[in-house]
Amino acid sequence: MKFEKIKNKGQARLFESKYLEMLTKTHPLIIWGLYLPIISYMLYHSYQVLGFSIGSIALIFFGAMFFWSFFEYVMHRFMFHFASDNPKVRRVVYVMHGNHHEYPRDKQRLFMPPIPSLILASIIFACQYLFLREYTFSFFPGFILGYLIYGSMHYAIHAWNPPFKFMKPVWRNHHLHHYKSDDKGFGVSSSLWDTVFGTGFDLKQEQEDKTKVKELMFERS
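To start, this report covers the structure provided alongside it. Note that this is a predicted model, so its numbers are computed, not measured. Within any chain, residue numbers begin from 1 and follow the written order of that chain's sequence. The predicted origin of the model limits local features to residues at a pLDDT of at least 70 and limits the giving and counting of side-chain atom pairs to 80 or more, whereas totals for whole chains, interfaces and linings rest on all residues. To obtain the side-chain values, all non-hydrogen atoms of the structure were included, while hydrogens and water were left out.

On a plain count of helices and strands, the protein comes out with nine helices and zero strands. Traced from its N-terminal end to its C-terminal end, the protein shows the element sequence α-α-α-α-α-α-α-α-α. Restricting the calculation to C-alpha atoms gives the radius of gyration, and the globule rule supplies 2.2 Å times the number of residues raised to the power 0.38. Computed over the C-alpha atoms, the radius of gyration of the protein is 18 Å, within 12% of the 17 Å expected from 2.2 N^0.38 for a compact globule of 221 residues. Here the C-alpha coordinates of the protein stretch approximately 55 × 45 × 40 Å along the principal axes. Three labels apply to residues, based on accessible area from a 1.4 Å probe with only protein chains included: buried if under 20% of the type maximum, exposed if over 50%, partly exposed otherwise in between. Counting every position in the protein, which comprises 221 residues, the buried fraction comes to 42%. Taking all contacts inside the protein whose residues are at least 6 apart in sequence as the whole, residues at least 24 apart take part in 72%. Of the roughly 13,000 Å² that the protein leaves accessible, carbon and sulfur atoms contribute 65%. Numbering of helices and strands runs from the N terminus; a helix is a DSSP stretch of H or I covering at least four residues, while a strand is a stretch of E covering at least two. Whether two residues are in contact is decided by their heavy atoms, any of which lying within 4.5 Å being enough. Each accessible area is a Shrake-Rupley result for a 1.4 Å probe, and residues are judged covered by the shown protein chains and nothing else.

Set out below in structure tokens:
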């Protein structure tokens, strides 16, 4: 879903109902506050009730965080940028992600809002439990923490300059995804899978456009 010009002010209207519209917005701290207790409880359950060792829990937990990075890439590439001539499908894609490309300064829609987030998280947990059974209580927390880091990284990329020099390629990869080509640069928290699948930008060949980058950054209040 491509837009000739991004909009630097305002935000997309996704639903006519003001109540549904309200439910499409959130703040990162709300989502962190929602999931940190769930993460903590599941890790406690894995150790205290299921009897897994700390080493086993850590291995599964960090393995799940790594798996999230792949899941993030696949979702962003194949779901959030799904091309279709069907108006209903295009509408769903716009609600999920297209509105962010049209209004990149809208800081209220970088995380999935609490209600749809919990519904989707429950479905994902159930699917993981079908395959992993009790290991899910160690895997799901790592997967969710991966999501929280991804969302926070996405927020930071639009809010601030990279805090460390080694992080600049991640920032540039996402900026180029917005203003250069949305057919590349699908990794947000990491550029690993863009490198693996050849969808990353050649940053040595890409000239940095500070004006276009500034258009993607949140306005200072």
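This part covers helix α3 (residues 54–79). Take the residue count of a helix, subtract one, and multiply by 1.5 Å to get its expected span. With 26 residues, α3 should reach 38 Å at 1.5 Å per residue; the first-to-last C-alpha distance of 35 Å fits that figure. Turning to α3, its buried residues number three or more, namely Ile-57, Phe-61, Ala-64, Trp-68, Ser-69, Glu-72, Tyr-73 and His-76. The secondary structure elements touched by the buried residues of α3 are α2 (28–49), α4 (87–102), α6 (136–159), α7 (168–179) and α8 (192–197).

Relative to the helices and strands, His-97 resides in helix α4. On the basis of relative accessible area, His-97 is assigned to the buried category, the value being 6%. The definition of a polar contact used here is a pair of N or O atoms within 3.5 Å, where within protein one atom must be able to donate a hydrogen and the other to accept one, and adjacent residues in sequence count solely through side-chain atom pairs. Within the local environment of His-97, its side chain forms a polar contact with the side chain of His-101, the two groups lying 3.1 Å apart. If we skip the residues at most four places from it in the chain, His-97 touches His-76, Phe-80, His-81 and His-177.

Take the buried Ala, Val, Leu, Ile, Met, Phe, Trp, Tyr and Cys residues and link them wherever side-chain atoms come within 4.5 Å; each set so joined is a nonpolar core. Counting 28 residues, the largest nonpolar core has Phe-140, Phe-143, Ile-144, Tyr-147, Leu-148 and Trp-171 as the members making the most contacts within it. Of all the secondary structure elements, the ones that give two or more residues to this core are α2, α3, α5 (114–132), α6 and α7. When residues no more than four places from it in sequence are discounted, the contact partners of Tyr-147 are Ile-31, Trp-68, Phe-111 and Met-112.

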